[in-house]
Amino acid sequence: MAAKPHPCRNLHWVFKVADRTATTQFYRDVLLLEPLRHEEFTEGCAAACNGPYDGKWSKTMIGYGDEDINFVLELTYNYGVKSYQLGNDFDSITICSKRVYDNIQAKGVGKAGPDGALEVATPDGYRFRVLNQEPGEGEGSCPMTELRLNVSDLDKSLAFWSGFLGFAAERPAPQQALLRCGPRQCALRLVQLPQGQALEHGTAFGRVAFACPGEQLQPLEAEVRAAGYTVHTPYVSLDTPGKATVQVVILQDPDGHEICFVGEAGFRDLSRRDPAAARLLDEAVAGDDSAAWFRRRAEAEARMAAMGV
């Protein structure tokens, strides 16, 4: 029997960013995304929202509109982490926006891709496909219309996402599946990797998040265990300083893609747009001396190497 968390809403994708200055500038100046809220934390997240790191980190939500009705991006930044290794798990995010398309053309930073898309990559290497059109009726008003993830066995993935979680599935191509957890949602496209190619998450692996009624989280966790699938993080409450507490359960699909289900009521409270988000982000970037620290260390290592040490 499918778990079918319902009603379900596709919330965001999580990116780890190493160069917060260059990355946030790219998102704002090239993709025309805007900060929706910015939060600083003194220690690692109990649900590993920032990855397997215990130190100081920040979370910046960016998008084209409020999180209540838009699929957005979560940028997690770990102070002191200089780089992340990209895997082949994440493929791209599709944006439908004439305004963004024109901006990329004007800046001359995109390259032509299939279906008339312009392809751009962030400073951290994450790829976006931008179409010269507005989102169709089926996607609602959010310009981010599709999240593409690679999988090693499409049939096994469909058994989990559609057969177990109950996502509506289409097969637009022989090696692809298009999934939605509800109407007018950012779609999830699963793409089969070439035969014999292993899926690798690297250290840059992300996470997709969905909201559902909070009372469904613990039964969902129990059903996942009973079905023999993987619970990454059991039911837990997550605190954000000065803001709402939310409850989450984090699963893994057959390829280890992380899927966070969060209680809808608490998340709506947490995700209220903060008018001070841009200022808080800019202040955090200005006060971060990580780049200078890495530069000083590199210079010291170069001096030591020159001395034969």
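As the structure is a prediction and not an experimental result, all values here were calculated from the model. (Residues numbered from 1 in each chain as written. Predicted model: local features only at pLDDT ≥ 70, side-chain atom pairs only at ≥ 80, totals over all residues. Heavy atoms only, no water.)

## Some remarks on the overall build of the protein chain
Quick reminder of the rule: Helix and strand labels come from DSSP, where a helix needs a run of H or I of at least four residues and a strand needs a run of E of at least two; each type is numbered from the N terminus. Here the globule rule reads 2.2 Å times residues to the power 0.38, and the radius of gyration is calculated from C-alpha atoms. Only protein chains enter the accessibility calculation, which uses a 1.4 Å probe. A residue is then buried if its area is under 20% of the maximum for its type, exposed if over 50%, and partly exposed in between. We call two residues in contact whenever any of their non-hydrogen atoms come within 4.5 Å of each other. Note on areas: Shrake-Rupley, 1.4 Å probe, and residue coverage restricted to the protein chains presented here. In this tally, Lys and Arg are treated as positive and Asp and Glu as negative; His is ignored, and so are the chain termini. In plain terms, the charge of a residue is placed at NZ if it is Lys, CZ if Arg, CG if Asp and CD if Glu.
Helix and strand counts for the protein chain stand at 7 helices and 16 strands. Taken over the C-alpha trace, the protein chain has a radius of gyration of 20 Å; the compact-globule value for 309 residues is 19 Å, and the two agree within 12%. Dimensions of the protein chain, computed from C-alpha atoms along their principal axes, come out at roughly 65 × 45 × 45 Å. Every one of the 309 residues in the protein chain was classed for burial, and the buried ones make up 52%. Long-range contacts, defined here as pairs at least 24 residues apart, represent 69% of the contacts in the protein chain between residues at least 6 apart. Approximately 14,000 Å² of the protein chain is accessible, and the part contributed by carbon and sulfur atoms is 50%. One way to put it: in the protein chain the 32 positive side-chain charges average out to a point 3 Å from where the 41 negative ones average out.

## A closer look at the UniProt feature "domain: VOC" (unreviewed entry) in the protein chain
Selection criterion: UniProt positions are given in the numbering used here, feature names are shortened, and annotations may be inferred rather than shown by experiment.
Summarizing the sequence annotation, UniProt attributes the feature "domain: VOC" (unreviewed entry) to residues 9-133 and 143-264 in the numbering used throughout. Between the end C-alpha atoms of residues 143-264 the distance is 22 Å, and the span holds 18% helix and 43% strand.

## A closer look at the environment of Cys8
Among the structural elements, Cys8 can be located in the segment before strand S1 (9-17). Cys8 gets classed as buried once you look at its relative accessible area, which sits at 6%. In this structure the C-alpha to C-alpha distance between Cys8 and Phe167, which are 159 residues apart in sequence, comes to 9.4 Å. If sequence neighbours within four positions are ignored, Cys8 has contacts with Phe167, Cys181, Gln185, Phe210, Ala211 and Phe261.

## Examining the nonpolar core
How we decide: What we call a nonpolar core is a set of buried Ala, Val, Leu, Ile, Met, Phe, Trp, Tyr and Cys residues that are connected through their side-chain atoms within 4.5 Å.
Counting residues in hydrophobic clusters, the biggest one holds 60 residues, and the most contacted among them are Trp13, Phe15, Tyr27, Leu31, Leu73, Trp161 and Phe261. Take this core: its biggest share by element is 5 residues, from helix H3 (residues 154-164). When near neighbours in sequence (up to four residues on either side) are disregarded, Leu31 contacts Phe26, Tyr64, Ile95, Val100, Ile104, Val120, Phe128 and Val130. Listed in part, the 17 residues of the second largest apolar core include Cys49, Ala209, Leu238 and Phe267.

## Digging into the pairing of strand S10 (residues 168-173)
Spelled out, the test is: In this analysis, strands are considered paired if DSSP registers two or more bridges between them.
Bridge count between S10 and strand S11 (residues 176-180): 4 bridges; the pairing is antiparallel. By the bridge assignment, Ala169 is partnered in S11 with Leu179.

## Thoughts on helix H1 (residues 20-29)
Put simply, the rule reads: To obtain the arc, one takes the directions from the helix axis to the C-beta atoms. For the purposes of these results, a polar contact is taken to be a pair of N or O atoms within 3.5 Å, where, inside protein, one atom must be able to donate a hydrogen and its partner to accept one; residues adjacent in sequence count only when each atom of the pair is a side-chain atom.
All of the buried residues along H1 are Arg20, Thr23, Thr24, Phe26 and Tyr27. Taken around the axis of H1, the buried residues stretch over an arc of 155°, which confines them to a single face. For H1, the N-terminal cap is Asp19; the gap from its side-chain oxygen to the backbone nitrogen of Thr21 is 3.3 Å.

## Let's talk about the side chain of Arg207
Tracing the sequence through the fold places Arg207 in strand S13 (residues 207-212). Owing to a relative accessible area of 5%, Arg207 belongs among the buried residues under this scheme. Within the structure, Arg207 has its side chain in polar contact with the backbone oxygen of Ala48 (distance 3.4 Å).

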